[in-house]
Amino acid sequence: MSENPHPPEPTPTPGPQPEPLRLFGTTWLHHDNGYTLRRIGTSVGSLAAAVAGCLVLRFAYQGLQIADVGGIVGTLIIVMFAICSAIAFRKTWEGFTARPTDPARDQSLRSLKTIGFVGSLLAYFFRSLTEAPGEKLHRQEYETALAQYNRRRGSRTGNPAARKKNPKRK
């Protein structure tokens, strides 16, 4: 007789389910199962990745200096990364509080956010100091869905089969 190595999954409760967040799963809902440690790890990890990214960019800039490409190219590179990082920070920060109104526009900015990855990492770092990134948005959406579910469910009381049927008119 072999035992099942995986216990059966609990049956999901009826109604809306919380949407999992990257790196946090659904621990953001009740702040359980290592939520605080995950937030600390996210903060430290995103800051370390931003610092590492800045070092890589510095090495690239030093490579341009060694290649003696000229002052204007070096200045353009710095300005480009600064602008892209600012745009990436802003768009990432906005993504934590609201869904994009125009997904096509958000998709077209993907390359700018990739170039300005340092800005995205810094936005992730600063948001994880106060909450799981995206927690506020997901909490609002979940509570709205839960309230709508409870309203719909509350209006259906009793057994519909036990209701009296209207008498037929002759």
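One can find the structure itself at the top, above this paragraph.
Residues numbered from 1 in each chain as written. Predicted model: local features only at pLDDT ≥ 70, side-chain atom pairs only at ≥ 80, totals over all residues. Heavy atoms only, no water.

1. Here's the deal with the pattern of salt bridges
All told, the structure shown has 6 salt bridges when counted by the stated rule. In this structure, Glu 135 engages Arg 139 in a salt bridge whose closest nitrogen and oxygen atoms are separated by 3.0 Å. Residue Glu 135 and its partner Arg 139 are both found in helix 6 (residues 135-154); the two are separated by 4 residues, about one turn of the helix. Judged by relative accessible area, which is 21%, Arg 139 ranks as partly exposed. (Salt bridge = Lys/Arg side-chain N within 4 Å of Asp/Glu carboxyl O. Helix = DSSP H or I, 4+ residues; strand = E, 2+ residues; numbered from the N terminus. Buried < 20%, exposed > 50% of the residue type's maximum accessible area, 1.4 Å probe, protein only.)

2. Brief notes about the packing of aromatic side chains
Tallying each qualifying case throughout the model produces 7 aromatic pairs. Arranged with centres 6.5 Å apart and planes meeting at 90°, the rings of Trp 28 and Tyr 142 form a pair that is edge-to-face. Taken as a pair, Trp 28 in the segment before helix 1 (35-67) and Tyr 142 in helix 6 lie far apart in primary sequence, 114 residues in all. For Trp 28, a relative accessible area of 0% puts it in the buried group. Given the relative accessible area of 17%, Tyr 142 is considered buried. Note on Phe 89 and Trp 93: the rings are 5.8 Å apart at their centroids and 10° apart in plane angle, and the pair reads as stacked. With a gap of 4 residues between them, Phe 89 and Trp 93 both fall in helix 2 (residues 71-95), about one helical turn apart. In this structure Phe 89 comes out as partly exposed when scored by relative accessible area, which is 30%. Following the ring pairs from residue to residue traces out a cluster consisting of Phe 89, Trp 93, Phe 96, Tyr 124, Phe 125 and Phe 126. Its end group placed over the ring of Trp 93, Arg 127 keeps NZ or CZ at 4.4 Å from the ring centre. (Phe/Tyr/Trp six-rings, centres within 6.5 Å; stacked < 30°, edge-to-face > 60°. Lys NZ or Arg CZ within 6 Å of the ring centre and 35° of its normal.)

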